[in-house]
Amino acid sequence: MRALFVGFVLVAIANPSSAQAPTATDSEFLVSVTEADGATHVRPSNIVPLIPDSACFEWRVRLAQGDRLVSVTEVFALPAEPRQWGIDGNEYSLSKLSGDRRVSETTMFYKPQDGWISHGWCMAEGDPIGPYSIKVLVGDRLVHKFDFSVENAPASSKP
């Protein structure tokens, strides 16, 4: 048993990138809707209702590496150009937009809490309906991809 353990340690020392490659152990995609009375309902779903200023979504990924500081890149793709991005006009933003303004790439630094990292967005007037995706990279490694759809909300669900 000791020789096997020493062998693993030597492999990790010889190839430190493989020993520290980020991996996800769990993930969640949560959708929240705030009603006119201020009550907020949160549920796991891959469908986000298009209710500007009331519907939001958040991705969460739990990393096996624990709570050490990590660099995370979020690559967020929309089916069409939105009217505006939340980063428009912010010269200090860490986000870059693609030429067609359909893809945002944002690099952030996280100190995970119990291994969890997360980021969220809220729907705005002029956001397109259709398929969306968010790729979450830790360092340069893809740890999870979230695919979801934004759909027109039924009239009864609008605040």
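This structure is a prediction, so every number in the text was calculated from the model and none was measured.

Reading the values: rules and limits
Residues numbered from 1 in each chain as written. Predicted model: local features only at pLDDT ≥ 70, side-chain atom pairs only at ≥ 80, totals over all residues. Heavy atoms only, no water. Pairing = 2+ DSSP bridges. Helix = DSSP H or I, 4+ residues; strand = E, 2+ residues; numbered from the N terminus. Axes fitted to C-alpha atoms, helices over the stretch in contact; angles between N-to-C directions. Disulfide = S-S within 2.5 Å. Buried < 20%, exposed > 50% of the residue type's maximum accessible area, 1.4 Å probe, protein only. Core = buried A, V, L, I, M, F, W, Y, C linked by side-chain atoms within 4.5 Å. Contact = heavy atoms within 4.5 Å.

**Observations regarding the sheet that holds strand E1 (residues 24–34)**
Then comes step 1: In space, the four strands of this open sheet follow the order E2-E1-E4-E8, with antiparallel pairing throughout. One side of each edge strand has no neighbouring strand; the edge strands of this open sheet are strand E2 (40–44) and strand E8 (116–122). Averaged over all adjacent pairs, the angle separating strand axes in this sheet is 20°, with direction ignored.
Then comes step 2: One ladder, built from five bridges, connects E1 with E2; its direction is antiparallel. When the bridges of E2 are listed, Thr 34 appears paired with Thr 40.

**Describing the state of the cysteines**
Then comes step 1: On inspection of all chains with the given rule, the structure shows one disulfide.
Then comes step 2: Linked covalently through their sulfurs, Cys 56 and Cys 122 form a disulfide whose S-S length is 2.0 Å. Taking the sign of the torsion about the S-S bond as the criterion, the disulfide between Cys 56 and Cys 122, at about 95°, is right-handed. Here Cys 56 is found in strand E4 (residues 55–63), whereas its partner Cys 122 is found in strand E8, with 66 residues between them in sequence.
Then comes step 3: Cys 122 sits in the partly exposed class, given a relative accessible area of 46%.

**Regarding the sheet that holds strand E7 (residues 103–110)**
Backbone-to-backbone hydrogen bonds pair the strands of a sheet. The strands run either parallel or antiparallel.
Then comes step 1: A sheet is described by the order of its strands in space; here six strands give the open sequence E3-E10-E9-E5-E7-E6, paired in mixed fashion. The open sheet has two edge strands with one neighbour each: strand E3 (47–50) and strand E6 (95–97). For this sheet the average axis-to-axis angle between neighbouring strands, irrespective of direction, equals 20°.
Then comes step 2: As paired strands, strand E9 (residues 130–138) and strand E10 (residues 141–152) are joined by nine bridges and run antiparallel to one another. Along E10, the bridge assignment pairs Gly 130 with Val 150.

**A few points about the nonpolar core**
Burial of nonpolar side chains together is a common tendency in soluble globular proteins.
Then comes step 1: Core analysis: the biggest nonpolar cluster contains 30 residues, and Phe 57, Trp 59, Phe 76, Ile 117, Val 136 and Phe 148 have the highest contact counts within it.
Then comes step 2: When residues of this core are traced back to their parent elements, those giving at least two are E1, E3, E4, strand E5 (70–77), E7, E8, E9 and E10.
Then comes step 3: For this core, the element with the highest residue contribution is E4, accounting for five residues.
Then comes step 4: The residues touching Ile 117, leaving out its near neighbours within four places in the chain, are Trp 59, Arg 60, Val 61, Leu 63, Val 70, Val 72, Tyr 110, Pro 112, Val 136 and Val 138.

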